[in-house]
There are 2 protein chains.
Amino acid sequence: MATKLSDNEVAKQLERAPDWSEISGEIQRTFQFDDFKQSMAFVNRVADYAERAQHHPDMMIRYDKVTLTVSTHDAGGITAQDFELADYCDSIAEAG
Amino acid sequence: MATKLSDNEVAKQLERAPDWSEISGEIQRTFQFDDFKQSMAFVNRVADYAERAQHHPDMMIRYDKVTLTVSTHDAGGITAQDFELADYCDSIAEAG
């Protein structure tokens, strides 16, 4: 089972993933796209990953912006698994 | 162009579409599904409609729950078009 990261560990991970922020015990990033279609394409790729990993971020779609909020409920906080999801989302957003 | 509905008109529409609430000049409903897959299927159908109508709700996905928030930015409030979108979403959620 995933183990909750310490504040120090979270801070280190956020240095490595600087587009993400810690907010109320979760990590969050807003991705900017060109239009709604691109937002939806991104959300569907994240959803495929989420189902494979059985780890589901909250996803807010506002036309050309998608905000992901991630934590691990079972662990009561932020885990390495959350940063794996963050890294994956960063990589597909950059690949376009 | 879409015309903003009066408070009275919004109230009448909400009587007809009772699962929706007015919140800060927008209408909102949270749909409950069985799982994440069903949430994503719903969101994709709403997205197809949104692109056809060129009218895009904000969509929040939390595993088996999807919250839609709808208003018409150009009209500065809630319009008949918003309730058309609401009706469509109600109908596909019921159809499953």
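Going by the structure above, here's the rest.
### Topic: the pairing of strand S4 (residues 65-70) of chain B
Residue and element names in this part refer to chain B.
- Counted residue by residue, S4 has 5 buried out of 6 residues, so it is predominantly covered.
- Alignment of strand S3 (residues 58-62) against S4, held across 5 bridges, turns out to be antiparallel. Bridge pairing in S4 links Met 59 to Leu 68.
- In this antiparallel pair of consecutive strands, S3 and S4, the connection spans 2 residues, and Tyr 63 shows a positive phi of 50°.

### Describing the sheet that holds strand S1 (residues 21-23) of chain A
- Within the open sheet, the 8 strands sit side by side as S1(A)-S2(A)-S4(A)-S3(A)-S3(B)-S4(B)-S2(B)-S1(B). Their pairing is antiparallel. Of all the strands in the sheet, the pair left with one neighbour each is S1 of chain A together with strand S1 (21-23) of chain B. Geometrically, the sheet is characterised by an average inter-axis angle of 25° between neighbouring strands, direction not taken into account.
- Two strands pair when backbone bridges link them, and strand S2 (residues 26-32) of chain A and strand S4 (residues 65-70) of chain A are joined in this way by 6 bridges, in the antiparallel orientation. Its bridge partner lying in S4 of chain A, Gln 28 of chain A is registered against Thr 69 of chain A.

### Considerations on the nonpolar core
- Membership of the largest hydrophobic core comes to 54 residues, with the highest contact counts inside it found for Trp 20 of chain A together with Trp 20 of chain B.
- If sequence neighbours within four positions are ignored, Trp 20 of chain A has contacts with Leu 14, Ile 27, Gln 28, Arg 29, Phe 31, Leu 68, Val 70, Ala 86, Cys 89 and Asp 90 of chain A.

### A look at the interface of chain B and chain A
- Contacts between the two partners involve 16 residues from chain B and, on the opposite side, 16 residues from chain A.
- When the two sides are added together, the surface that chain B and chain A hide from each other amounts to roughly 1,500 Å², 65% of it contributed by carbon and sulfur.
- For the chain B face of the interface with chain A, the top three residues by lost area are Phe 36, Asp 58 and Met 59 of chain B, together amounting to 32%.
- Between the two partners, chain B and chain A, sit 2 salt bridges.
- For the salt bridge of Arg 62 of chain A with Asp 58 of chain B, the shortest nitrogen-to-oxygen distance reads 3.2 Å.
- In this structure, the connection of chain B to chain A is made through 5 residue pairs in polar contact (both at pLDDT 80 or more).
- Breaking the side of chain B that touches chain A down by element, the ones donating at least two residues are helix H2 (36-53) and S3 of chain B.
- The element best represented in the side of chain B that touches chain A is H2 of chain B, accounting for 8 residues.
- When the residues that make up the side of chain B that touches chain A are grouped by side-chain class, the tally is 10 nonpolar, 2 polar and 4 charged.
- The sheet contact formed by strand S3 (residues 58-62) of chain A and S3 of chain B spans 3 bridges and is antiparallel. Counterpart to Met 60 of chain A in the pairing with S3 of chain B is Met 60 of chain B.

Conventions adopted
Residues numbered from 1 in each chain as written. Chains lettered and ligands numbered in written order. Predicted model: local features only at pLDDT ≥ 70, side-chain atom pairs only at ≥ 80, totals over all residues. Heavy atoms only, no water. Buried < 20%, exposed > 50% of the residue type's maximum accessible area, 1.4 Å probe, protein only. Helix = DSSP H or I, 4+ residues; strand = E, 2+ residues; numbered from the N terminus. Pairing = 2+ DSSP bridges. Axes fitted to C-alpha atoms, helices over the stretch in contact; angles between N-to-C directions. Core = buried A, V, L, I, M, F, W, Y, C linked by side-chain atoms within 4.5 Å. Contact = heavy atoms within 4.5 Å. Buried area = accessible area lost by both parts, 1.4 Å probe. Salt bridge = Lys/Arg side-chain N within 4 Å of Asp/Glu carboxyl O. Polar contact = N/O pair within 3.5 Å; in protein donor to acceptor, adjacent residues only side chain to side chain. Nonpolar A, V, L, I, M, F, W, Y, C, P; charged D, E, K, R; others polar.

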